[in-house]
Amino acid sequence: MKLSIYSGLLCAMILISPAWSAKMCLKEESNPTCTITQQGDADTIITCGSTTFHFVHACSSSSGSNGEIKDSLDPIWPDGNYCWIKMISPKTTNWLYISYMIGGCVSVGPCSRALYLILHTKISSGNLYPTLMQILNGSNPIPSQTFNLGGSGGVN
């Protein structure tokens, strides 16, 4: 009982305090099951327990490096080789760098596929929810990767 009261007070302090207003209070879930789905070329939806994380993708000429975060990108697709993602729900974040596309981006579809592959190959299922919570709170823990389109339009 005391723990839930303290948690509620902490969330209230975070939401009221201007210095901490970028943080968001969500009910912490212990080892929730996560599913990843793609909607069209530009959206990835990750549902972990009762929380849904919605990402959009962009291909840009703005270069990036592992863990990099940017406020804005210029220009966005189709002129570039660099894939960036942005969480738009439950909170909007800055752009997070995820991959370099050898051969360039022919659409944002390869960026969506890149995120899907990175999440499945680089982040264990038990670490997916904590990774998403880190993104929600302002960091970029997604390990970047280089993909070769090889002229086929798909991610290798």
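Whatever comes next refers back to the structure up there.
Residues numbered from 1 in each chain as written. Predicted model: local features only at pLDDT ≥ 70, side-chain atom pairs only at ≥ 80, totals over all residues. Heavy atoms only, no water.

Engineer: Account for the pairing of strand β6 (residues 95-102), with residues named and values stated.
Structural biologist: With respect to burial, β6 is a largely interior element, 6 of its 8 residues being buried. For strand β4 (residues 69-70) and β6, the ladder comprises 2 bridges, and the chain directions are antiparallel. Of the residues in β6, the one forming a bridge with lysine 70 is tryptophan 95. Between strand β5 (residues 82-89) and β6, which pair antiparallel one after the other, the connecting turn spans 5 residues. Where β6 lies against strand β7 (residues 145-148), 4 bridges are found, and the strand directions are parallel. Its bridge partner being in β7, isoleucine 102 is matched across the sheet by asparagine 148. (Buried < 20%, exposed > 50% of the residue type's maximum accessible area, 1.4 Å probe, protein only. Helix = DSSP H or I, 4+ residues; strand = E, 2+ residues; numbered from the N terminus. Pairing = 2+ DSSP bridges.)

Engineer: Give a detailed account of the state of the cysteines, specifying residues and quantitative values.
Structural biologist: Disulfides are covalent bonds that connect the sulfur atoms of two cysteines. Enumeration over the complete set of coordinates arrives at 3 disulfides. Residue pairing for cysteine 34: its cysteine sulfur links by disulfide to cysteine 48, the two sulfurs lying 2.1 Å apart. The S-S bond linking cysteine 34 to cysteine 48 shows a torsion near 115°; that makes this disulfide right-handed. One end of the pair, cysteine 34, is in strand β1 (residues 34-39); the other, cysteine 48, is in strand β2 (residues 43-48), with 14 residues separating them in the sequence. Given a relative accessible area of 22%, cysteine 34 falls into the partly exposed group. Classification of cysteine 48 as buried rests on a relative accessible area of 0%. Each sulfur of the disulfide joining cysteine 83 and cysteine 111 lies 2.0 Å from the other. Across the S-S bond of cysteine 83 and cysteine 111 the torsion is about -75°, and the bridge reads as left-handed. Remark: cysteine 111 occurs in helix α2 (residues 109-122) and cysteine 83 occurs in strand β5; sequence separation between them is 28 residues. Going through the protein chain in sequence order and numbering each bonded cysteine, the pairs you get are 1-2, 3-5, 4-6. (Disulfide = S-S within 2.5 Å.)

Engineer: Would you mind going over the environment of serine 112 in detail, with residue names and values included?
Structural biologist: In this fold, serine 112 is placed in helix α2. Sequence-wise, serine 112 and aspartate 41 are 71 residues apart; in three dimensions their C-alpha atoms are separated by 6.4 Å. Dropping the residues within four chain positions of it, serine 112 is found in contact with Gln38, Asp41, Asp43, Thr44 and His57. (Contact = heavy atoms within 4.5 Å.)

Engineer: An account of unusual backbone geometry is needed here, citing residue identities and associated values.
Structural biologist: Between serine 89 and proline 90 the backbone carries a cis peptide bond, its omega angle lying at 10°. Inspection of the secondary structure assignment puts proline 90 in the loop between β5 and β6. Although it is not a glycine, asparagine 31 adopts a positive phi angle of roughly 50°. The exposure class assigned to asparagine 31 is exposed, which follows from its relative accessible area of 68%.

Engineer: Which residues make up the nonpolar core, and what values do they have?
Structural biologist: Ranked by size, the top nonpolar core spans 28 residues in total, and within it Ile46, Phe53, Phe55, Ile98 and Leu132 carry the most contacts. Counting residues per element, the ones that place at least two in this core are β2, β3 (51-60), β5, β6, α2 and α3 (125-136). What isoleucine 46 contacts, discounting residues up to four positions off in sequence, is Thr35, Ile36, Thr51, Thr52, Phe53, Phe55, Leu119, Leu128 and Leu132. Residues Val56, Ala58, Leu73 and Tyr97 belong to the second largest nonpolar core, which totals 6 residues. (Core = buried A, V, L, I, M, F, W, Y, C linked by side-chain atoms within 4.5 Å.)

Engineer: Hey, could you go over α2 for me, with residue numbers and the actual values?
Structural biologist: Over its 14 residues, α2 runs 20 Å from end to end, which matches the ideal 20 Å to within 8%, given 1.5 Å per residue. If you check which residues of α2 are buried, you get Gly109, Pro110, Cys111, Ser112, Ala114, Leu115, Leu117, Ile118 and Leu119. (Expected span 1.5 Å × (residues − 1).)

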